[in-house]
Amino acid sequence: MVRVRGKFYGWFVVGFGALVLAMGGVPLFNGLPVWTPVLRNTFGWTAGQMAWAYSLTQFEGGLLGPLIGAMIDKLGTRRMVLIGFTVLGAGFVLFSQIGALWQLYVVFLIMALGNSMGTWLPVMTAVNNWFIRRRGIAMGLALEGYALGGVVLPLALAWAIGGADPAESERFGWRSSALFIGVLCLVSAVPLSRLMRNRPADIGQLPDGGPPSRAAESPVESGGATSETREPDYTWQQAIRTKAFWLITIGHALSATIVVTVAAHMGLMLDDRGFSLGTISVVLAVYTAVAAVFMPIGGYLGDRLPTRLVAFWFSSLQSVGLVIVVVAHSVEMALLFSVLYGIGFGGRTSLMMALRGEYFGRKAFAAISGISIAPMNMLLFGAPVFSGLMRDARGSYDAAFLTIAALSFAGSCLFLFLGRPPGEAGPPDRGAQAAH
């Protein structure tokens, strides 16, 4: 255990959380556009068949989201990181041994379960507990691990595997690469979990690192998080009765359809157009690198401007990028997609969780987020399957991607209908909150 006396530990939580996201979340989801062309050429599975594997993980996340949220609130981030990394590592070890389509479905469910239990939601919950006034920028910096890992991993995977065609000479092959990731997750589970701290009160500190007087007097940024004494303090029962809960949930879900579709199918679409595995990995690395730059920028802007408006503009930019990659087939246009999509994806990512903290507070953040994920993931279940089936039926992703771009833009517009967060207008009033 690393103890840093006299320092605000919240920023260390952000750094360790970034490491958790890089090691736990990136290999499965950011690596998916590299895994899928290899699996298709190895086993002959179609885009529609493989899309079911990814969609089942969304369905699983929807079913278990409320339970995982409740577990995080009860057990804390440290224990959930330990459990999640153990399950994730075991899933990657099994992934390295698959030989049938049903086995792909099973191991994806296992890996997604480990990812849900030990990475994104636990880390965001910990950061939300440690920060109020700087919530947006803190979440954006934590997500840098996910983004920076996504820059390196696709390139490293493409190099380690050696090629999408099994007839090409391999370096280590996809099985050895998956096995290495699994073992790395297993041996990292204990040390990574020990670095996390659940709440500032656990070590005698306050959110944002200020003394009690500062915490009580800190000003409220326009559109940003409130001070501790004015922060809303919802239970999950109160949250689900608000308009804000459903606008955030549905808006997040629709704007995220583009994210799951790109993750599941962008590699296959570029492979259809004749791009090499190396070029595919470069496209992925570019949009992830751009996202890495804009994750803290999005959080910074969300702390200083109305978060709902910043979320709308960044989310809309994702749709513009996807339209560009559909209508243009050159490498240059694929890279332009990477830049625009990376700006939009990076800018909006931290804001989705910051919105929940801003509107509902810290008391039941994980439970509220887990319940919000349930209907969201049910919708995300259909997007990759729809795109895969459309590709198999029409021989092209064009119609599917344009449809997804329109849905994502519609979700972005819902953020414009969010009212002011309760803390912006003054001390929270329970009757007003219930009607919000």
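Note that the structure is predicted; figures quoted are calculated from it, not measured.

(A) Representation of the overall build of the chain within the structure. Helices and strands together make up the secondary structure of the chain, namely 19 helices and 0 strands. Per-residue burial for the chain yields a buried fraction of 59% across its 436 residues. The long-range fraction of contacts in the chain, counting pairs at least 24 apart against all pairs at least 6 apart in sequence, stands at 84%. Surface summary for the chain: the accessible area is close to 15700 Å², and the carbon and sulfur share equals 67%.

(B) Representation of the packing of helix H13 (residues 243-272) against helix H14 (residues 277-304) within the structure. Between H13 and H14, the shortest axis-to-axis distance is 10 Å and the interhelical angle comes to 140°. Judged by the angle between their axes, H13 and H14 are oblique. In this structure, the crossing between H13 and H14 has a hand that is right-handed. Contact residues: H13 offers Val262, Gly267, Leu270 and Asp271, while H14 offers Ile280, Val283 and Tyr287. Along the lines of polarity and charge, the residues of the contact of H13 with H14 split into 5 nonpolar, 1 polar and 1 charged.

(C) Layout of the layout of surface pockets. In this structure, the largest pocket spans a volume of roughly 390 Å³. For the largest pocket, the lining is made up of 17 residues, of which Leu153, Ala156, Phe180, Ile181 and Leu184 are closest to its centre. Mapped onto the lining of the largest pocket, the elements with two or more residues apiece are helix H1 (10-24), helix H2 (26-30), helix H9 (144-161) and helix H10 (173-195). In terms of residue class, the lining of the largest pocket is made up of 14 nonpolar, 3 polar and no charged.

(D) The arrangement of the packing of aromatic side chains in detail. Per the stated rule, a full pass over the model turns up 23 aromatic pairs. Both rings, one in tryptophan 35 and one in phenylalanine 95, keep their centres 5.2 Å apart while their planes meet at 80°; by these two values the pair is edge-to-face. Of the two residues, tryptophan 35 sits in helix H3 (residues 32-43) while phenylalanine 95 sits in helix H5 (residues 77-95), which places them 60 residues apart along the sequence. Pair check on accessibility: tryptophan 35 and phenylalanine 95 agree, each one buried. Seen in terms of ring centroids, phenylalanine 43 and tryptophan 45 are 4.3 Å apart; in terms of plane orientation they differ by 10°. Their pairing is stacked. Residue classification places tryptophan 45 among the buried residues on the basis of a relative accessible area of 9%.

(E) Structural view of the pattern of salt bridges. All told, the structure shown has 4 salt bridges when counted by the stated rule. A salt bridge links aspartate 272 to arginine 40, with the shortest nitrogen-to-oxygen separation between them at 3.4 Å. Taken together, the residues span a long stretch of sequence, with aspartate 272 in helix H13 and arginine 40 in helix H3 at a distance of 232 residues. Classification of aspartate 272 by relative accessible area gives partly exposed; the value is 35%. By relative accessible area, arginine 40 is classed as buried at 14%. Two residues, aspartate 398 and arginine 273, come together in a salt bridge whose shortest N-O distance is 3.5 Å. Placement of aspartate 398 in helix H18 (residues 398-414) and of arginine 273 in the loop between H13 and H14 is noted, with a sequence separation of 125 residues between them. Judged by its relative accessible area of 23%, arginine 273 falls in the partly exposed class.

(F) Looking closely at the environment of glycine 10. For glycine 10, the position within the fold is in helix H1. Discounting residues that sit within four places of it in the chain, glycine 10 has contacts with Trp130 and Phe131.

(G) Layout of the side chain of serine 319. Looking at the secondary structure, you find serine 319 in helix H15 (residues 307-327). A polar contact of 3.3 Å, which involves the side chain of serine 319, links it to the backbone nitrogen of phenylalanine 409. When neighbours within four sequence positions are excluded, serine 319 is seen to be in contact with Ile258, Ala405, Ser408 and Phe409.

(H) Representation of empty space enclosed by the protein in the model. Evaluation of the coordinates by the stated rule reveals 4 cavities of 30 Å³ or more. The computed volume of the largest cavity comes to approximately 860 Å³. Lining the largest cavity are 40 residues, and of these Phe29, Asn115, Trp120, Tyr146 and Val259 lie nearest its centre. Ranked by residues supplied to the lining of the largest cavity, first place goes to helix H4 (residues 47-75) with 6 residues. Of the residues that constitute the lining of the largest cavity, the class distribution is 25 nonpolar, 14 polar and 1 charged. The calculated volume of the second largest cavity comes to roughly 70 Å³. Leu32, Thr36, Met50, Ala51 and Tyr54 are, among the 13 residues lining the second largest cavity, the residues nearest its centre.

Here is what the cut-offs are and how they apply
Residues numbered from 1 in each chain as written. Predicted model: local features only at pLDDT ≥ 70, side-chain atom pairs only at ≥ 80, totals over all residues. Heavy atoms only, no water. Helix = DSSP H or I, 4+ residues; strand = E, 2+ residues; numbered from the N terminus. Buried < 20%, exposed > 50% of the residue type's maximum accessible area, 1.4 Å probe, protein only. Contact = heavy atoms within 4.5 Å. Areas by Shrake-Rupley, 256 points an atom, 1.4 Å probe, with all protein chains shown as cover. Axes fitted to C-alpha atoms, helices over the stretch in contact; angles between N-to-C directions. Parallel < 35°, antiparallel > 145°, perpendicular 65-115°, else oblique. Left-handed = near helix turned anticlockwise from the far one by under 90°. Nonpolar A, V, L, I, M, F, W, Y, C, P; charged D, E, K, R; others polar. 1 Å grid on protein atoms, 1.4 Å probe; cavity = no way out; pocket = protein on both sides within 12 Å on 5 of 7 lines; lining within 4 Å. Points joined across faces, edges and corners; volume = space filled by probe spheres on them. Phe/Tyr/Trp six-rings, centres within 6.5 Å; stacked < 30°, edge-to-face > 60°. Salt bridge = Lys/Arg side-chain N within 4 Å of Asp/Glu carboxyl O. Polar contact = N/O pair within 3.5 Å; in protein donor to acceptor, adjacent residues only side chain to side chain.

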